[in-house]
Every structure is written in C-alpha cells, then in structure tokens.
Amino acid sequence: MSSIAKKKGFGASVWDYLTTVDHKKIAILYLAAGGLFFVIGGIEAMLIRIQLAKPDNDFVSAGLFNEIITMHGTTMIFLAAMPILFGFMNAVMPLQIGARDVAFPFLNALGFWLFLFGGIFLNLSWFMGGAPDAGWTSYASLSLASPGHGIDFYALGLQISGAGTYIGGINFLVTIINMRAPGMTYMRMPLMTWTTFVASALILFAFPPLTIGLFFLILDRMFGANFFDHTMGGNTIIWEHLFWIFGHPEVYILILPAFGIFSEIFALFSRKRLFGYSSMVFATVLIGFLGFMVWAHHMFTVGLGPTANAIFAVATMAIAVPTGMKIFNWLLTIWGGSIKVTVPMLYALGFIPSFVAGGVTGVMQAAAPLDYQLHDSYFIVAHFHYVIVGGVVLAILAALHLYWPLMFNQMLSEKLGKWTFWFFFIGFHMTFFIQHFLGLMGMPRRVFTFRADQGWDLFNLISSIGAVFMAIGVIILVINIIITVAKNVPVGNDPWEDGRTLEWAIPQPVPFYNFKQTPLVRGLDTFWIEKQEGNKEGMTYAEPISDIHMPNNSFIPFVMTVGLFVAAFGALYNGEKTWAVPVLVLGLAITLLSMAVRSLKDDHGYHIHKEDLMNEKGGK
Amino acid sequence: MSHDAQVFVKSQTEFEYSKRKRKEAMRSQITSFAIMIFLTLIAFSAVAAGFSKYYIAPIILLLAAVQVVLQLYYFMHMNEKNHGIAAFFLYTGALFAFTFILTFLTIIWWG
C-alpha cells in the first residue's frame, strides 16, 4: 500500500495548507497572501492619487491621508514585495539546487504564518481606532506624539511579521549552504539562488536593528520607557539610525532577488549563457556588503556634520559600480543572443532603462549638498518608486509569468500578459517620471493637498492618470489569472522550451518530494548541459532510487503564531484595559506551550518507500 | 538525503578513539571554564581594590575580549573543522556591529 494517502475535498485542502511544511505549498501561500496585500496597498495608492489629482481636494481628510500613505508604504514593502519574493524563492530555490525541501520545513511554515498574522494585525488598525500615521519610517518624535493606537499596531505588527521574515532568511541560508546537490558548487549556483543567498544574509544582519528599534518604540509607547524622548534623557535620532541601518539593506533585500529573476530571464530568453557569471556573483555580494555602509545617506539633512555626510556620500556612490557591472552584463547577455520576446522578457527589457533611471537619480541624491535641495520633495518619491516599481515590481510581475507554469503547471496567457505589461509600464512612467519635476518645482512629499496655480496642477493630474493605467494593467493580470486557473490546461515541464536550470528539468506537476533521485550537477546551467548532450530525462542522477525521508505536516506553527497574535493585543491595550496583562500572558503562554510541545514530542517524519517510487505512479 | 536506513556498529578501536576524543573535549571545556571564572575574578577584584579607572577600564575590556574568544572557540566549538561559513558570517556581523557602534559614538554621542 502506498504510504502517502491523497486527501480530497475542500476542508481537507484547507487543513492541508494550514499544516503544510512543503516549500512549494508555502510558496503558493506566500504568493496568495502577498498578492492580497499588494492589492490592498494598490488601493491605498489609488486613494492617494485621487486625492492629489486636483488642487484643494477634500476627497480624504489630512489625518486619513497620513494613515493611507503610511499604510501604503508599510504594506507594499513588508507585506507585499518581500513576501511575494519569498514566495518565488521558496518555489524555485530548492528546485534549482537539487534539494527535496528547505533545511527546516517546520520553520518555513512558521515564518509564513508569522508574516501573515503580523500583516493582519497591522491592517486591523483600520477597524480598531485608526491606522498608523507617522509614515512608513515612523520617526520617533512624531510617532511618540501620535495619538490613538495606530503606531502601536505598526510596532507590534511589524515585530511579528519581522520575526517571520528573519526565520525565513535563516532557513534559506542554511538550505543553500547545506543542501546543494552533488556537484552544485557555489560557483555553479544559478543567479536566483545566489541572490536569495545574499538577500537572506542581509536579512540576517539587517533585521536585528529593526527588532531593537521596534522594541524601544513598543516600550516607549506602551510600557513607559523613554528611549527616544529627549526631555527624559533619550535621543530621538537613535530611532532614525536603527531604522535606516535596517531600512537601507531592506531595499537591497528587495532588489537583489529582482536582479536574480531578471538574470534568469535574460539568459533563458536570449538562449545564451549569462554573460560574466562570476562578475555577477561578485557584484551581488559586493552590493550586499556595501548596503550596510550607507544608511546615513537617508539622514543627510539631520545635521550629522560634513565629515559624516562626505563619508556616507562616497560610500553610496560606490554602490553604482557593482550595479553598473550588472547592467552591462545583462546587456551583453542579450547581445548576439537568439532573443524571444515573451512576457517575462518584455518586463526584463523594460526593467533596464527604468531601473537605470532610478539608479541615476539615486547617485544624484548621494551628493549631500544636492540632497539638501531634494530631501523630502517629490523627487525622492519619484526616485524610490523608480527603483522599487521599476525594479522590484517589474521583477515580481515577470516572475509571476515566468514561474507560473513551474508552480501551477499552467501557462498564463501571453496575449493578456502583454496588455498588462504595456498598461503597467506606460502607466508607471507616466505616474512617476513627472514627479521628478514636481519635486524640482518644490512640491514636498507627504502633503495631503496643494494650492492651485503653483504650476503643480497639470503634472499631478497626469501622474494620477498614469496610476489609473497601472491599475488597469493589474486588473487585466487578475483576469488573466482567473481565466488560466479556470481553463487549467497542463503544460508539462520546460514550458519555455529553453530552460537552462534544474527547476525546469523536473517532471510536472512537481512531485511533493521534488527529486526521485538526487541529481548530479555537472556545470552551470545544468539542464542545458543535459539537453545539449541529448539526455531525454534532463538529469544525471547521483544516487540509485531509495527511500525518501519526508517531514510530517504540523499545525503547531499556526498555533504558535496565534499565541503571539493574541499577546500583541494584550501589549496594545496595556495600562488602558484591565484585561490587557492577562491577555498578554495568555498569548505568550500559548506560544511557549506550543514550543514546548514541539521540543518534547519527537517527530521523526516518515519515509516514502522505494517500491512506491518505482511503480508507475511515482509514489502518488 | 534518501538512503536506506543503515545500522552502523562501531568497532572497538573506533569506540576507544571517540571516547578519547570526548575526554579531550571535556577537559578543554573545563579548563576554559576555569580560566573564564579566573578572569572574572580578576575583573571583580580589580574594581574592588579601587585602582584608577583609567587602569581598570582597559583591563576589563581586554579580559572581555579574551572571554569572547574562549566562549566562541572552546564553548561553541568554532575551533573544530567545518565551521568556516559560520565563522565568516560571525566576523561579518561583528564588522557591521563595530561600524554601527563607531558611528553611534562619533556622530550621535560625541559629536
């Protein structure tokens, strides 16, 4: 009898996803939850652009506007971009290195649930007395003065989801270090895996400062401490430093996986080996390292003094060098290639000029004297949307089309995909290009409205129309997804026909144990090598078929997270409601108890037997 | 990895070898533990003796550095093989932390 019973039915599927430890299912969860938050953040963006479409608008009040911009930024960075990228990392990275799962499947599930409940907690603020309103950076003097519970939701929600991200990052690091298939040396890892590795290392070093900063904020606001209150001997600048020590690496945590995705796309659709592979790896590591040495460039106008400003300005400009190396390597990968302009390739081609524009304005701001002029103006808004939307979001949309067949064994419509691309791409440039000029004309960021006849009216209107274009693009994408899922036409493995890396060699749908036999990796672009040598199976195996050890599903990660979620409400109402402390204790007790259960009760997993793998059904 | 379950029986020589290894490990753990307690004693007695603080502060910092090394290499087994990557990450983290502390000192508190 097969050792793997396959459950059916809706309830069983829900239970399966609640307890799953399979990296492919967790990837789908990340994608779905991240997608939901992406839509919420997008709606917030639309509200901002409606409010700013005409002068003296009263579509939303000033206070509500502050809440919307804060939640837009926080949601997009922490709850949309990063989780969606985590979804693709989870889906692709273990397959690329020939692993059966990540190193700690249980922690992988825990990381996801922590992120989701942190995100839900943060968004509950809308219904429980007002959202945070001090900007996504939540600078301490402002956030300490903010009335209501908005900032408390911010601090506690990000603490919970940040723990999830941290766990995920460590998990990826251990996986890549320890679980590569035989022959998969570091310098044979695909760029997606390399960028996952470096981004995870950045998470490892960048999240502790955020955790400390958030704890200080929680203690200051809810438990009567004075870390940031200068009248009590605290120092408000410390929050800014802690936030940006985290915040600057954070943007590299977002952009490096985007670089990885585009590196895969350029090689795949130019049908050429990635140009300058080793320099790409070097540049990735160097960007990761330098990312930690530049945080104070967000604080030039704080008054750090000319020496500090000069040091951080030069360090910032240095990052343009490895980034430039990457751009040239991508161009030279396309050069002379046999190019196929599919939807992912369209995004990749659109990414280069968009991201270079964002990079160039970045170097402009790195010049501290000029930054005094640009700081807190719409020029900054334009800059970071050029790198985040022009880099990260284009990568996410590209990866969605590229990896959809890998994750779901279906192909998104190329035709609708192209419509999405053109609407989104034109809308993006329309929205944000003109904001550079608004900034230079003196429009400050984060203002809820502006007076007429300052020369800003037309440009703001154009910007808002661009945002509508982007929204149309996203709506077409959603329609595309619904149609594809409804049709459900299986496409098999290697749907792009020119897959180079190991993930495309696996039969579709990907078996839950990934590889029946661990593959032997014989060089960069493993699958390509096998195809060139006429290997129909697409893989050379490193071992005979034998029993596969698999982890059991577990409901404990979910319970652990619920405990922290409950505890967060206790902390939130501390000193205000009598039930606050008992709820805090109850929540922490739930978490600690489930940790104890996990530690004390041995869970050795199970084996898929050789006989089940050998028969036709492949163990299903 | 996916191999059939194997039962591995140690030979007498292997058993004695691993026993000796464990004995050595235990000895070095206890030795370093004793050294650490001794170093802590020095630190406390230096303060209790009431020397000049310009003398005590560097001494304590020096002893702290020695303690960190002992902790990492003897207690957390970094002196053994195959800890290269852990060491690399640890030193990178230490370098970042040093940079952060240096900037905090120079541009927040001293400046």
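This structure is a prediction, so every number in the text was calculated from the model and none was measured. (Residues numbered from 1 in each chain as written. Chains lettered and ligands numbered in written order. Predicted model: local features only at pLDDT ≥ 70, side-chain atom pairs only at ≥ 80, totals over all residues.)

(A) Structural detail: the overall build of chain B. Summing up its helical and strand segments, chain B has three helices and zero strands in all. Counting from the amino terminus, helix and strand elements in chain B follow one another as α-α-α. For chain B, the C-alpha radius of gyration of 21 Å lies well beyond 13 Å, the compact-globule estimate for 111 residues. A principal-axis box enclosing the C-alpha atoms of chain B has dimensions of 65 × 35 × 15 Å. Among the 111 residues that make up chain B, the fraction classed as buried is 3%. (Helix = DSSP H or I, 4+ residues; strand = E, 2+ residues; numbered from the N terminus. Rg over C-alpha atoms; globule rule 2.2 N^0.38 Å. Buried ≥ 20, exposed ≤ 12 C-beta atoms within 10 Å, placed from the backbone.)

(B) Focus on the overall build of chain A. The helix and strand inventory of chain A stands at 20 helices and four strands. Relative to its length of 620 residues, chain A is compact, with a C-alpha radius of gyration of 24 Å against a globular reference of 25 Å. Oriented by its inertia axes, the alpha-carbon framework of chain A measures out at about 70 × 65 × 50 Å. Within chain A, the proportion of its 620 residues that are buried is 51%. For chain A, restricting intrachain contacts to residue pairs at least 6 apart in sequence, the fraction spanning at least 24 positions comes to 82%. (Contact = placed C-beta atoms within 7 Å.)

(C) Inspection of unusual backbone geometry at higher detail. Residue and element names in this part refer to chain A. Between glutamine 508 and the following residue, proline 509, the backbone shows a cis peptide bond with an omega angle of -10°. Within the secondary structure, proline 509 sits in the loop between α16 (457-487) and β1 (519-520). At aspartate 56, a position not held by glycine, the phi torsion is positive, near 50°. Its place among the elements puts aspartate 56 in the loop between α2 (23-51) and α3 (62-96). Non-glycine residue aspartate 494 carries a positive phi angle of around 50°. Tracing the backbone through its elements, the reader meets aspartate 494 in the loop between α16 and β1.

(D) Main features of the UniProt feature "domain: Cytochrome oxidase subunit I profile" (unreviewed entry) in chain A. Look at the UniProt record and you will see "domain: Cytochrome oxidase subunit I profile" (unreviewed entry) annotated at residues 9-522 of chain A. Annotated as 69% helix and 0% strand, the span residues 9-522 of chain A places its first and last C-alpha atoms 42 Å apart. (UniProt positions renumbered as here; feature names shortened; annotations may be inferred.)

(E) Inspection of the packing of α2(A) against α16(A) at higher detail. Residues and elements named next belong to chain A. Where α2 meets α16, the axes come as close as 9 Å, and the angle between the chain directions of the two elements is 155°. The angle between α2 and α16 falls in the class roughly antiparallel. With respect to the hand of their crossing, α2 and α16 are arranged in left-handed fashion. Seen from α2, the contacting residues are Gly42, Ala45, Met46, Arg49 and Ile50; seen from α16, they are Ser463, Ser464, Ala467, Ala471 and Val474. Its residues placed into classes, the contact of α2 with α16 shows six nonpolar, three polar and one charged. (Axes fitted to C-alpha atoms, helices over the stretch in contact; angles between N-to-C directions. Parallel < 35°, antiparallel > 145°, perpendicular 65-115°, else oblique. Left-handed = near helix turned anticlockwise from the far one by under 90°. Nonpolar A, V, L, I, M, F, W, Y, C, P; charged D, E, K, R; others polar.)

(F) Spatial organisation of the UniProt feature "transmembrane region" (unreviewed entry) in chain B. Residue and element names in this part refer to chain B. In the UniProt entry, the feature "transmembrane region" (unreviewed entry) is given for residues 30-49, 55-76 and 88-110. Annotated as residues 30-49, this span is 95% helix and 0% strand, and its ends, taken at the C-alpha atoms, are 28 Å apart. Secondary structure over residues 55-76 splits into 95% helix and 0% strand, and the C-alpha atoms at its two ends are 31 Å apart.

(G) Fine view of helix α2 (residues 53-75) of chain B. All names here are of chain B. Taking 1.5 Å of rise per residue, the 23 residues of α2 would be expected to cover 33 Å, and the 31 Å separating its terminal C-alpha atoms lies within 8% of that figure. Among the 23 residues that make up α2, zero are buried, leaving the element largely open to the surroundings. Once α2 finishes, histidine 77 follows within two positions and takes phi at roughly 65°, a positive value. (Expected span 1.5 Å × (residues − 1).)

(H) Highlighting the confidence of the model for chain B. With 94% of its residues at a pLDDT of 70 or more, chain B shows a mean pLDDT of 84. Both scores are available for the predicted complex, with the pTM at 0.91 and the ipTM at 0.84. (pLDDT = per-residue confidence, 0-100.)

(I) The arrangement of the nonpolar core in detail. All names here are of chain A. One finds Ala81, Phe262, Ile265, Ala395, Ile396, Ala398 and Ala568 to be the most contacted residues of the largest nonpolar core, which totals 183 residues. Ranked by residue count, the leading element in this core is helix α14 (residues 378-408), at 24 residues. Here this core gathers at least three residues from each of two domains, domain 1 (10-544) and domain 2 (555-620). Those residues in contact with alanine 568 that sit more than four places away from it in its chain are Phe121, Leu156 and Ile160. One finds Phe65, Ile68, Ile69 and Ala131 within the second-largest nonpolar core, a separate group that totals five residues. (Core = buried A, V, L, I, M, F, W, Y, C linked by C-beta atoms within 7 Å. Domains from an automatic or database assignment.)

(J) Expanded view of the packing of helix α12 (residues 343-366) of chain A against α14(A). All names here are of chain A. Contact pair α12 / α14: the axes reach a minimum separation of 8 Å and the direction vectors enclose 160°. On the basis of the axis angle, α12 is roughly antiparallel to α14. Of the two elements, α12 crosses α14, and the hand of that crossing is left-handed. Per-class residue counts for the contact of α12 with α14 are 15 nonpolar, 11 polar and no charged.

(K) Summary view of the domain arrangement of chain B. The domains assigned to chain B are domain 1 (11-80) and domain 2 (81-111). Using only C-alpha atoms to locate each centre, domain 1 of chain B and domain 2 of chain B end up separated by 22 Å.

(L) Representation of the interface of chain B and chain A within the structure. Between chain B and chain A, the contact holds 13 residues from the first and 17 residues from the second. Per-class residue counts for the side of chain B that touches chain A are seven nonpolar, five polar and one charged.

(M) Molecular detail of the domain arrangement of chain A. Residue and element names in this part refer to chain A. Here the domain parsing of chain A yields domain 1 (10-544) and domain 2 (555-620). Put simply, the parts of the chain that give the side of domain 1 that touches domain 2 at least two residues each are α1 (10-19), α4 (105-124), α6 (150-178) and α7 (191-222). Element by element, the count of residues in the side of domain 1 that touches domain 2 is highest for α4, at seven residues. The residue inventory of the side of domain 1 that touches domain 2, partitioned by class, reads 15 nonpolar, two polar and two charged.

(N) Focus on the environment of A:Ala225. Residues and elements named next belong to chain A. You can see alanine 225 is positioned in the loop between α7 and α8 (237-270). A tally of 16 C-beta atoms within 10 Å means that alanine 225 is categorised as partly exposed. What alanine 225 contacts, discounting residues up to four positions off in sequence, is Leu219 and Asp220.

(O) Structural view of the environment of A:Asn57. Residues and elements named next belong to chain A. For asparagine 57, the position within the fold is in the loop between α2 and α3. Asparagine 57 sits 394 residues away from arginine 451 along the chain, and the two C-alpha atoms are 9.1 Å apart. Setting aside chain neighbours within four positions, we find asparagine 57 in contact with Gln51 and Thr449.

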